[in-house]
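# A look at the structure
The residues making up each chain are set out below.
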Amino acid sequence: MGKHIYGVGDIDLLHPPAELEMRKHKLKRKIQTPNSFFMDVKCPGCFNITTVFSHAQTVVICGSCSTVLCQPTGGKARLTEGCSFRKKSD
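Residues numbered from 1 in each chain as written. Predicted model: local features only at pLDDT ≥ 70, side-chain atom pairs only at ≥ 80, totals over all residues. Heavy atoms only, no water.

### Remarks on the pattern of salt bridges
- Taken as a whole, this structure holds three salt bridges when the rule is applied.
- Of the charged contacts, one joins D40 and R86 as a salt bridge, the two residues approaching to 3.5 Å between their closest N and O atoms. With D40 in strand β1 (residues 38-42) and R86 in strand β6 (residues 84-87), the pair connects residues that are 46 residues apart, well separated along the chain.
- For R86, a relative accessible area of 55% gives the class exposed.
- One salt bridge connects D40 with K88, and the closest N-O pair in it is separated by 3.4 Å. Here D40 is found in strand β1, whereas its partner K88 is found in the segment after β6, with 48 residues between them in sequence.
- Taken together, the salt bridges that share partners define one network made up of D40, R86 and K88. (Salt bridge = Lys/Arg side-chain N within 4 Å of Asp/Glu carboxyl O. Helix = DSSP H or I, 4+ residues; strand = E, 2+ residues; numbered from the N terminus. Buried < 20%, exposed > 50% of the residue type's maximum accessible area, 1.4 Å probe, protein only.)

### Observations concerning unusual backbone geometry
- One non-glycine residue, F47, lies in the positive phi region at around 60°.
- With respect to the secondary-structure elements, F47 resides in the loop between β1 and β2 (49-53).
- The backbone phi angle of S66 is positive, close to 60°, even though this residue is not glycine.
- Within the secondary structure, S66 is located in the loop between β3 (60-61) and β4 (68-71).
- Residue classification places S66 among the exposed residues on the basis of a relative accessible area of 53%.

Given below as structure tokens:
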């Protein structure tokens, strides 16, 4: 599929498309949801799994091999190269 360009009267206000809802500010959405999440990060060296917050404000290191897993930025944490992650389910 491609990107849709919506005009002023082209969307249903009661049931807006998911892509439009996710672009809005977290407090302006129809149902307020946070942008942050917890994720399982796999260490590239020892394959140990560590739970990390998506907007971590400190450097996260692996507990067993002391490899840096992610670096903080102004918003979301940046994973180091070689690390894989998946979102934690509720």
